[in-house]
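# Coordinate inspection notes
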Amino acid sequence: MAGNRELVVSFGEMLIDFVPTVAGVSLAEAPAFLKAPGGAPANVAIAVSRLGGEAAFVGKLGDDEFGRMLAAILRDNGVDAGGVVFDAGARTALAFVTLRADGEREFMFYRNPSADMLLTADELNVELIKRAAVFHYGSISLIAEPCRSAHLRAMEIAKEAGALLSYDPNLREALWPSREEARTQILSIWDQADIVKVSEVELEFLTGIDSVEDDVVMKLWRPTMKLLLVTLGDQGCKYYARDFHGAVPSFKVQQVDTTGAGDAFCGALLRKIVQDPSSLQDQKKLVEAIKFANACGAITATKKGAIPSLPTETKVLQLIEKA
């Protein structure tokens, strides 16, 4: 890992989510929408910062009211926005997110193209990326050029500087030209990651098998990896490291909105790993880190909207102690 630093740099999209004011309705039926900042990589950065960690975000926003608002939200939440650039010719991305009666989500995106898709390799804040202990990213930034080339270059810079690479594919099928293209591109950078987190839906999508058994998960394991995680919602998480594997149960909470719960999990786990990188080789430490991450994800699902729901370390420890 890069020196003794604890900086988590998140790369990718930040956007505005519009969420219906009532749950369990279609977009057409929604009487009104609440505006909420979103975008998985940005959520992860804010999750790290909310837990007392050092975080930065690298990405492109529209030079518009929403873009300026999102940059301010990063700064207000203690995230270094030195990697944010603005595009005068493209808008900040929008997503309409329906919350079904069970708290799960459906998406409709406005990106044609949005500013995040137009980030170029020349616009990367190289010095910021070089300072990362962990460089975290998703797959949405792989969909279109020039952002795809910027993404690949940023990974190279971070890896060369000694960072751990963390990958949460964060599958959004509606954004890809086809399922085949999504699967191909998501897996095109699979071998380079040190830490990978997938949901059970993503596991099935990538393997073609509807199972979370170990032999299925191991189809996604690579010898270069340090940690592979499969999140199972309210059932907790399965983990696979080089010398051990297991499962950690979640915490029982009343789910209201699962938006951002996976990002909260990622942020919390990365926060723990940069504090003590030896947890990747120590099963007892890793289980404690995952338990902390599970608690963080569970708390985030108890309120509407990702960023307002992200907990502080005190809140997470309170839930762990109560359980």
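Owing to the predicted nature of the structure, the values given are computational and were not obtained by experimental measurement. (Residues numbered from 1 in each chain as written. Predicted model: local features only at pLDDT ≥ 70, side-chain atom pairs only at ≥ 80, totals over all residues. Heavy atoms only, no water.)

### Overview of the pattern of salt bridges
Between side chains of opposite charge, a pair can form as their charged atoms come close. By the definition in use, this model includes 17 salt bridges. Its salt-bridge partner being Arg153, residue Glu156 comes within 2.8 Å of it at the nearest N-O pair. Here the residue Glu156 and the residue Arg153 both occupy positions in helix H4 (residues 147-160), the gap between them amounting to three residues, near one helical turn. Taking relative accessible area as the criterion, Glu156 reaches 41% and is therefore assigned partly exposed. A salt bridge links Glu288 to Lys291, with the shortest nitrogen-to-oxygen separation between them at 3.7 Å. (Salt bridge = Lys/Arg side-chain N within 4 Å of Asp/Glu carboxyl O. Helix = DSSP H or I, 4+ residues; strand = E, 2+ residues; numbered from the N terminus. Buried < 20%, exposed > 50% of the residue type's maximum accessible area, 1.4 Å probe, protein only.)

### Overview of the pairing of strand E12 (residues 237-241)
Moving residue by residue along a regular strand, the side chains alternate between the two faces of the sheet. With respect to burial, E12 is a largely interior element, five of its five residues being buried. By the alternation rule, side chains of E12 split into Cys237, Tyr239 and Ala241 and Lys238 and Tyr240, which are all buried. Bridge count for strand E11 (residues 227-231) against E12 is five bridges, and the pairing is antiparallel. When the sheet's bridge partners are listed, Val230 is paired in E12 with Lys238. Following E11, the chain reverses through five residues before pairing antiparallel with E12; Gly233 in that reversal takes a positive phi of roughly 60°. Bridge count for E12 against strand E13 (residues 245-248) is four bridges, and the pairing is antiparallel. Residue pairing in the sheet places Cys237 in a bridge with Val248 of E13. Where E12 folds back on E13, the antiparallel hairpin that results is connected by three residues. (Pairing = 2+ DSSP bridges.)

### Considerations on the nonpolar core
Among the nonpolar cores identified, the biggest contains 56 residues, and Met14, Leu74, Leu227, Leu229, Tyr239, Leu269 and Ile290 are the most heavily contacted of them. Membership of the second largest hydrophobic core comes to 52 residues, among which are Val9, Val217, Trp221 and Val230. (Core = buried A, V, L, I, M, F, W, Y, C linked by side-chain atoms within 4.5 Å.)

### Description of the sheet that holds strand E2 (residues 15-20)
A sheet is described by the order of its strands in space; here four strands give the open sequence E3-E2-E6-E7, paired in mixed fashion. Only two strands of the sheet have a single partner each, and these edge strands are strand E3 (33-38) and strand E7 (105-110). Sheet twist, expressed as the mean angle between neighbouring strand axes with direction ignored, is 25°. Pairing between E2 and E3: six bridges, direction antiparallel. Bridge pairing in E3 places Pro20 opposite Phe33. Across the sheet, helix H2 (residues 65-76) lies against E2, E3 and strand E6 (94-99), angled at about 95° from E2, the strand it touches most. (Axes fitted to C-alpha atoms, helices over the stretch in contact; angles between N-to-C directions. Contact = heavy atoms within 4.5 Å.)

### With respect to helix H5 (residues 179-188)
Residues Ala182, Gln185 and Ile186 constitute the buried set of H5. All buried residues of H5 lie within an arc of 100° about the axis, which places them on one face of the element. Away from its buried face by more than 90 degrees, H5 exposes Glu180 and Thr184. Check the buried side of H5 and you find it contacts H4, strand E9 (164-167) and helix H6 (200-207). (Arc of directions from axis to C-beta.)

### A closer look at the sheet that holds E13
On the basis of which strands lie adjacent, the open sheet formed by nine strands has the order E5-E4-E1-E8-E9-E10-E11-E12-E13 and mixed pairing. Pairing within the sheet leaves two strands with one partner each, and these edge strands are strand E5 (79-87) and E13. Across this sheet, the average inter-strand angle for adjacent strands is 15°, counted without regard to direction. With four bridges joining them, strand E8 (residues 134-137) and E9 adopt parallel strand pairing. Its bridge partner lying in E9, Tyr137 is registered against Tyr167. In the packing of helix H1 (residues 40-50) onto the sheet, contacts are made with strand E1 (7-11), strand E4 (54-62), E5 and E8, and the angle to E4 comes to roughly 150°.

### A closer look at helix H9 (residues 283-300)
Along its 18 residues, H9 runs 26 Å from first to last C-alpha, staying within 8% of the 26 Å computed at 1.5 Å per residue. Along H9, the residues classified as buried are Leu286, Ala289, Ile290, Phe292, Ala293, Asn294, Ala295, Cys296, Gly297, Ala298, Ile299 and Thr300. Where H9 is buried, its residues touch E11, E12, E13, helix H8 (261-275), helix H10 (306-309) and helix H11 (313-322). (Expected span 1.5 Å × (residues − 1).)

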